[in-house]
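Here is what each chain is made of, one letter per residue.
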Amino acid sequence: MKDSLIIKAYELLIEQYEKQVKEMDDDQMNSTLIYHTALRVYEEAIFQALGYKALHKLAMEADKRIEKEFGNKRFGIAECVEENFLHKGSPNRE
């Protein structure tokens, strides 16, 4: 009887921890989506105002700074710009 109560207590504790982890994951995902959306709006504004070449140049410079600051980790900002904007036509495209 005592062992089964201990097992049930551990099961409830694990369930509570799993719930907390899921909530933390959801919070992290939501904050990441907010920043991702903000970055996309910012990229689109630069693209519309200055064209693809200027946006790509800024992305390459950002990649270099980030790689240097974070120990040569690659974030691939320029590659994302290529993927998302290279095919777009723009009146300001150079």
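See the structure shown above.
How each quantity is defined
Residues numbered from 1 in each chain as written. Predicted model: local features only at pLDDT ≥ 70, side-chain atom pairs only at ≥ 80, totals over all residues. Heavy atoms only, no water. Helix = DSSP H or I, 4+ residues; strand = E, 2+ residues; numbered from the N terminus. Rg over C-alpha atoms; globule rule 2.2 N^0.38 Å. Buried < 20%, exposed > 50% of the residue type's maximum accessible area, 1.4 Å probe, protein only. Contact = heavy atoms within 4.5 Å. Areas by Shrake-Rupley, 256 points an atom, 1.4 Å probe, with all protein chains shown as cover. Lys, Arg positive; Asp, Glu negative; His and termini not counted. Charge placed at Lys NZ, Arg CZ, Asp CG, Glu CD. Patch = residues over 30% accessible without salt bridge, like charges linked within 9 Å, V, L, I, M, F, W, Y side chains within 5 Å. Salt bridge = Lys/Arg side-chain N within 4 Å of Asp/Glu carboxyl O. Phe/Tyr/Trp six-rings, centres within 6.5 Å; stacked < 30°, edge-to-face > 60°.

Peer 1: Can you walk me through the overall build of the protein in this structure?
Peer 2: Scanning the protein from N- to C-terminus turns up three helices and zero strands. Written out in order from the N terminus, the α and β elements of the protein read α-α-α. For the protein, the C-alpha radius of gyration of 23 Å lies well beyond 12 Å, the compact-globule estimate for 94 residues. Reported as C-alpha extents along the three principal axes, the dimensions of the protein are approximately 75 × 30 × 15 Å. A total of 94 residues make up the protein; the buried ones form 17% of that total. Counted over contacts in the protein with a minimum sequence separation of 6, partners at least 24 positions apart contribute 54%. Surface accessibility of the protein: about 7800 Å² in total, with carbon and sulfur atoms responsible for 60%. Looking at the protein, you have 14 positive and 18 negative side-chain charges, and the mean spots of the two groups are 6 Å apart.

Peer 1: Can you walk me through a nonpolar patch on the surface in this structure?
Peer 2: Together, Ile-6, Tyr-10, Leu-13, Ile-14 and Tyr-17 line one region of the surface with nonpolar side chains, adding up to about 510 Å² of accessible area. Residue position: Tyr-10 is located in helix α1 (residues 2–50).

Peer 1: What's the story with the pattern of salt bridges in this structure? I'm lost.
Peer 2: Two side chains bearing opposite charge may form a pair once their charged atoms approach each other closely. Counted under the stated rule, the structure contains three salt bridges. For Lys-22, the salt bridge identified is with Asp-26, shortest N-O distance 3.0 Å. Of this pair, Lys-22 and Asp-26 are both found in helix α1, four residues apart, which corresponds to roughly one turn of the helix. Where Glu-43 meets Arg-40, a salt bridge forms, and the shortest distance between an N and an O atom there is 3.7 Å. In this pair, Glu-43 and Arg-40 both sit in helix α1, three residues apart, roughly one turn of the helix.

Peer 1: How should the environment of Ala-78 be read in this particular structure?
Peer 2: Mapped onto the elements of the fold, Ala-78 is located in helix α3 (residues 77–85). A C-alpha to C-alpha distance of 15 Å links Ala-78 and His-36, two positions 42 residues apart in sequence. In contact with Ala-78, not counting residues within four places along its chain, are His-56, Ala-59, Met-60 and Asp-63.

Peer 1: Looking at this structure, I do not really get the packing of aromatic side chains. What am I missing?
Peer 2: Pairs of aromatic rings are described using the distance from one ring centre to the other and the angle between the two planes. A complete count under the given rule lists two aromatic pairs for this structure. Taken together, a centroid distance of 5.1 Å and an interplanar angle of 45° make the contact between Phe-47 and Phe-85 tilted. Pair noted here: Phe-47 is in helix α1 and Phe-85 is in helix α3, with a separation of 38 residues, a long-range link. Of the two residues, Phe-47 and Phe-85, neither departs from the other in class, the shared state being buried. Ring centres of Phe-70 and Phe-75 lie 5.8 Å apart, and the angle between their planes is 50°; on these two criteria the pair is classed as tilted.

Remember, this is a structural readout, not a statement about activity or role.
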